[in-house]
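# Commentary on secondary and tertiary structure
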Amino acid sequence: NADESGLIYTNTWMAFVYYYEGRVEEDKSLAEEALQYRRTYSSEGARIFPLDLLVAIALEKGRLNRARALLRERLRIMVNKGMTANAIFCFDEVAEWLLLTGHPRQAAFWLGCFDRVREWTKQPVEPVALPHNKWLVSEVRGALGEEAYTAAWQKGYAVPVEDALPLALQVMEQTAVNPQK
């Protein structure tokens, strides 16, 4: 019904507020509720925002298998719907998942894709997300060294925007957690 749908919409945005305030448990609860409702009653595209939050929470808590499953769900929706411009909201999380699972070179590649899509959409990193973005870039650079980071980043930046989403889905379906990590 319309009232319930409005409540889910409001809860999704409140979950974003809670996440950026560090109120992760409240955020997770609202995002899970919104995702469940949207899986049952809404179109695929309506799942993107709660999935975004739940991926961020799973990464933050080190729940890498959960993050991977949610990222794959989100990427499948985006590929199926041709939501290229929305790629800006997931390539950094693909990079973070790859870093946390022992694949820093691939992480640098996806940071290059992220920057390419960001420029293509003319959208800067959101101020609230900037500290996390700086941390991620610093961690990947530190793991690889400047020369290797730049080479991998440039390869990612060179990927045409329309090819990046299907490629990200393929990577998330095929890349395993590095046992060396």
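Report on the accompanying structure. This structure is a prediction, so every number in the text was calculated from the model and none was measured. (Residues numbered from 1 in each chain as written. Predicted model: local features only at pLDDT ≥ 70, side-chain atom pairs only at ≥ 80, totals over all residues. Heavy atoms only, no water.)

## Remarks on the overall build of the protein chain
We count it as follows: Counting from the N terminus, the helices are DSSP H or I runs at least four residues long and the strands are E runs at least two residues long. Only protein chains enter the accessibility calculation, which uses a 1.4 Å probe. A residue is then buried if its area is under 20% of the maximum for its type, exposed if over 50%, and partly exposed in between. Working rule for contacts: check all heavy atoms of both residues, and any pair within 4.5 Å makes them a contact.
Along the protein chain, the regular secondary structure elements total nine helices and zero strands. Helices (α) and strands (β) of the protein chain occur, in sequence order from the N terminus, as α-α-α-α-α-α-α-α-α. The 181 residues of the protein chain split such that 46% are buried. Of the contacts formed within the protein chain by residues at least 6 apart in sequence, a portion of 71% connects residues at least 24 apart.

## Some words on the packing of helix α5 (residues 91-100) against helix α7 (residues 130-144)
Rules: Orientation is described by lines fitted to C-alpha atoms, with helices fitted over the stretch in contact, and by angles between N-to-C directions that extend from 0 to 180 degrees. Any angle that is under 35 degrees is reported as roughly parallel, and any over 145 degrees as roughly antiparallel; angles of 65 to 115 degrees are reported as roughly perpendicular and all others as oblique. Two helices cross in a left-handed way if the nearer one is turned anticlockwise from the farther one by less than a right angle. They cross in a right-handed way if the turn is clockwise. Following the grouping adopted for this structure description, the nonpolar residues are Ala, Val, Leu, Ile, Met, Phe, Trp, Tyr, Cys and Pro, the charged ones are Asp, Glu, Lys and Arg, and the polar ones are all others, Gly among them.
As a packed pair, α5 and α7 sit with axes 11 Å apart at the nearest point and diverge in direction by 40°. In terms of axis orientation, α5 runs oblique to α7. Every pair of crossing elements has a handedness; the one defined by α5 and α7 is left-handed. Residues Asp 92, Ala 95, Glu 96 and Leu 99 of α5 lie in contact with α7, whose contacting residues are His 132, Trp 135, Leu 136, Glu 139 and Val 140. In the contact of α5 with α7, the residues fall into five nonpolar, one polar and three charged.

In short, shape yes, function no, at least from these values alone.
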